[in-house]
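# Summary of the model geometry
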Amino acid sequence: MPNSIQTQRVLFVCLGNICRSPTAHGIFQHKVTQAGLQNEIIVDSCGTGDWHIGHAPDPRTIECATKYGYDLSTLRARKLLASDFIDFDYILAMDKQNLRDAESICPDHFNGELTLFLDVLAESTPQDTDAPTIREVPDPYYGGADGFDEVIQLCEKASDAWLNRLRANR
Ligand code: 4NP
């Protein structure tokens, strides 16, 4: 009998695919590879907008990620496609607008999960704390350098939680 590996396919979605989703893509891929799961978990990212198709991540995104040990320089932006709802099991949106835009082209027969990337943190955080749960990765594009650090830190936390979830599915 063939020993087929069950793959889980994860797609990160933001607006431009040059700041937040490539950061999530690079960080999650790094953690998947470190865990030796690169043949079982397939990772990609895209944007709901088309302005940056074919572009490398924003230079500020690349520079900030490099500081934390992640190389995002080889990633290239692409747009979310209808076929992504066939090709991916988890489609993880950075903010509520990205989620609404993805929902607007999601076919009825999609049987994966389309959700906010950070909602996994609410599931894995004890409910008895008063700390408000952040649900969206803030868009750093029009802001200062701090915004890019915040994106990295949120993506690291949520990637750990998603990796735990996907591991538990195996
Ligand atoms: P991202 O950030 O969605 O995290 O890639 C943005 C990138 C580009 C633009 C907006 C947000 N833009 O307006 O071009």
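Report follows, based on the coordinates. Being a predicted model, the structure only gives us computed values, none of them experimental.

### Observations concerning the pairing of strand β2 (residues 41-47)
Judged by how many residues are buried, β2 sits mostly within the fold: 5 of 7 residues are covered. By the bridge criterion, 7 bridges tie strand β1 (residues 8-14) to β2 in an arrangement that is parallel. The residue of β2 that forms the bridge with L11 is D44. With helix α1 (residues 20-34) bridging β1 and its parallel neighbour β2, the resulting β-α-β unit is right-handed.

### Brief notes about the site of the ligand
Taken together, the residues surrounding the ligand are C14, L15, G16, N17, I18, C19, R20, H52, D139, Y141 and Y142. Within the contact set of the ligand, an oxygen atom lies 3.0 Å away from a backbone nitrogen or oxygen of I18. A distance of 2.7 Å separates an oxygen atom of the ligand from a polar atom in the side chain of R20. With the chains in place, 93% of the 360 Å² that the ligand exposes on its own is no longer accessible. Counted by class, the shell around the ligand contains 6 nonpolar, 3 polar and 2 charged residues.

Calculation rules
- Residues numbered from 1 in each chain as written.
- Predicted model: local features only at pLDDT ≥ 70, side-chain atom pairs only at ≥ 80, totals over all residues.
- Heavy atoms only, no water.
- Buried < 20%, exposed > 50% of the residue type's maximum accessible area, 1.4 Å probe, protein only.
- Helix = DSSP H or I, 4+ residues; strand = E, 2+ residues; numbered from the N terminus.
- Pairing = 2+ DSSP bridges.
- Right-handed = clockwise from strand over helix to strand, strands pointing away.
- Near = heavy atom within 4 Å.
- Polar contact = N/O pair within 3.5 Å; in protein donor to acceptor, adjacent residues only side chain to side chain.
- Areas by Shrake-Rupley, 256 points an atom, 1.4 Å probe, with all protein chains shown as cover.
- Nonpolar A, V, L, I, M, F, W, Y, C, P; charged D, E, K, R; others polar.

Nothing here speaks to function; it is all geometry.
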